[in-house]
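# Examining the three-dimensional arrangement
The chain contents come next:
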2 protein chains.
Amino acid sequence: MKSGTLDAGEASKDVNPTQRLNRGLSVLDFILRIIAGAGTLASAVTMGTTNETLPFFTQSIQFRAEYDDIPSFTFFVIGNSIACGYLVLSLVLSLFHIVRSAAVNSRILLLAFDTAMLGLLSAAASAAASIVYLAHKGNSDANWFAICQQFNNFCERISGSLIGSFVAAFLLILLIITSAVTISRH
Amino acid sequence: MKSGTLDAGEASKDVNPTQRLNRGLSVLDFILRIIAGAGTLASAVTMGTTNETLPFFTQSIQFRAEYDDIPSFTFFVIGNSIACGYLVLSLVLSLFHIVRSAAVNSRILLLAFDTAMLGLLSAAASAAASIVYLAHKGNSDANWFAICQQFNNFCERISGSLIGSFVAAFLLILLIITSAVTISRH
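This structure is a prediction, so every number in the text was calculated from the model and none was measured. Every chain is numbered on its own, with residues counted from 1 as its sequence reads. Here chains are named by letter from A upward and ligands by number from 1 upward, in the order in which they appear as written. Local features in a predicted model are, by the rule used here, given only for residues with pLDDT of at least 70; side-chain atom pairs are given and counted only at 80 or more, and totals for whole chains, interfaces and linings are based on all residues. Excluding hydrogens and water, the side-chain figures rest on all heavy atoms present in the structure.

This part takes up the overall build of chain A. In this text, helices come from DSSP runs of H or I with a minimum length of four residues, and strands from runs of E with a minimum of two, each type numbered from the N-terminal end. When helices and strands are counted, chain A shows 4 helices and 2 strands. If you list the helices and strands of chain A from N to C, you get α-β-β-α-α-α. Burial analysis of chain A (186 residues in total) assigns 48% to the buried set. The long-range share in chain A, meaning contacts at least 24 apart out of those at least 6 apart in sequence, stands at 76%. The buried label goes to any residue with under 20% of its type's maximum accessible area, the exposed label to any with over 50%, and the partly exposed label to all in between, with areas taken from a 1.4 Å probe on protein chains only. The contact criterion used is simple: two residues touch if any of their non-hydrogen atoms lie within 4.5 Å.

Laid out in structure tokens, this is it:
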């Protein structure tokens, strides 16, 4: 009887460190998703709500800059919105993984979607970044002039909006690696 | 004696399907890496070697377009070169996984690098794509004119060079998912 209790105690000691680590990784997964989701939300909202109207205008044209003037910025807002929506939805599955830390198939599913989202988010952030760079510096070879001298406030805000998106992409890389480690320890 | 042989036969039947599938996935991994590497190589070379000189020039300026006129294209060439180098190097580890299909830690390492490369490649392809789009369509709001009417041949080749890069990024997504499935079956 006594020996039986001892055995059970030893067995649970054997299992616990792995389970505890898996649960810890699942909690980390949950927290990273919240931060990444907040990053994409901040990016989408900042880019989507930024506009600047210059205080002078000609008879026919009013000078006004908005995100949907440039297709890359529209893609940025859409990409970040999709990523944000996905990250919020994935919290449900992430919570399930904290409770049932032995689940494997649902982790692979989440990893697959995370990978696709990384591709999307990295593409959206980078497409916008290349246009922001052009807006700041211009390009004399292609005769594209920097527009940030005129639209100073607009440029500052869209530059800032990139940060959340790049941070979220980096967190997705961490999420994918964390998932792979957890899967390997099932 | 006879029964013993039968048991061994049954046991090897039990183990084999998993091992065989893992080996199959490892071979698939190897092939996908070769195709992705070829894609990034083709992209980097096409973008890097494209230039066009217009048949007219003024006294001071000769009209000539090359990839390093535009920082996003330089980033594209560098990003694809790095990804290509990594994919070639990763073939060694991929070959090792075909031989030792039970290896787990080295698969996680490869998955981590694959994920980082996906971020890089997706960013490089997308940054270049947004500039290629601008070169084709221009943007009247920002007063950036399409340059593809003049540099027609240049534009066609750089547009084509994007394909290899996007294909490679897509294959990296498949590689990451394949790795995760193989890791889960160790």
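Turning our attention to the interface of chain B and chain A. Counting residues at the interface gives 37 residues for chain B, matched by 37 residues for chain A. Counting each side, the surface lost to burial between chain B and chain A is near 3,000 Å², with a carbon and sulfur contribution of 74%. As used here, buried area is the combined drop in accessible area, with a 1.4 Å probe, of two parts when they are placed together. It is B:Thr115, B:Trp144 and B:Ser184 that lose the most area in chain B upon contact with chain A, and together they represent 19% of the buried surface on that side. Between Lys or Arg on one side and Asp or Glu on the other, a salt bridge is scored when a side-chain nitrogen of the former is within 4 Å of a carboxyl oxygen of the latter. For the interface between chain B and chain A, the tally reads 0 salt bridges. Residues adjacent in sequence count toward polar contacts only when both atoms are side-chain atoms; beyond that, a polar contact is any pair of N or O atoms within 3.5 Å, and within protein one must be able to donate a hydrogen and the other to accept it. For the pair chain B and chain A, the number of links is 13 residue pairs in polar contact (both at pLDDT 80 or more).

Attention now goes to the pattern of salt bridges. Residues and elements named next belong to chain A. This structure, assessed with the given rule, holds 4 salt bridges over all chains. Here Arg33 makes a salt bridge to Asp29, at a shortest N to O gap of 2.7 Å. Taken together, the residues span about one helical turn, with Arg33 and Asp29 both in helix H1 (residues 2-49) at a distance of 4 residues. Bridged by salt links that share partners, the residues Asp29, Arg33 and Asp114 form one connected network.

Each disulfide consists of one covalent bond between the sulfur atoms belonging to two cysteines. Residues and elements named next belong to chain A. Only a pair of cysteine sulfur atoms within 2.5 Å qualifies as a disulfide here. For the coordinates displayed, the defined rule picks out 2 disulfides over all chains. Each sulfur in the disulfide pair Cys148 and Cys155 lies 1.9 Å from the other. Residues Cys148 and Cys155 are joined through a disulfide that is left-handed, its torsion about the S-S bond being -80°. No difference in accessibility class separates Cys148 from Cys155, as the two residues are buried.

Take helix H2 (residues 71-99) of chain B next. To estimate the expected span of a helix, subtract one from its residue number and multiply by 1.5 Å. Over its 29 residues, H2(B) extends 43 Å from the first C-alpha to the last, a length consistent with the 42 Å expected when each residue adds 1.5 Å. Two axes enter the bend calculation: one fitted to the seven residues ending at the residue in question, the other to the seven starting there, and the bend is the angle between them. For H2(B), the principal kink sits at B:Leu91 and spans about 30°.

Another aspect to go through is the packing of H2(B) against helix H3 (residues 105-137) of chain B. Residue and element names in this part refer to chain B. Interaxial angles span 0 to 180 degrees and are taken between N-to-C directions of axes, which are lines fitted to C-alpha atoms, for helices over the stretch in contact. Their axes nearest at 9 Å, the elements H2 and H3 cross at an angle of 155°. By the angle between their directions, the pair H2 and H3 is classed as roughly antiparallel. As for how H2 packs across H3, the hand of that crossing is left-handed. Oblique is the label for any angle not covered by the other classes, which are roughly parallel (under 35 degrees), roughly antiparallel (over 145) and roughly perpendicular (65 to 115). Helix crossings get a hand from a simple test, with the near helix turned counterclockwise from the far one by less than a right angle marking a left-handed crossing and a clockwise turn marking a right-handed one.

The next thing to look at is the side chain of B:Ser184. Looking at the secondary structure, you find B:Ser184 in helix H4 (residues 152-184). By relative accessible area, which is 12% here, B:Ser184 ends up buried. Within polar-contact distance, the side chain of B:Ser184 engages the backbone oxygen of B:Val181 at 2.7 Å. Once residues within four sequence positions are removed from consideration, B:Ser184 is found in contact with A:Val104, A:Ile108, A:Ile183 and A:His186.

Keep in mind these values describe shape, not function.
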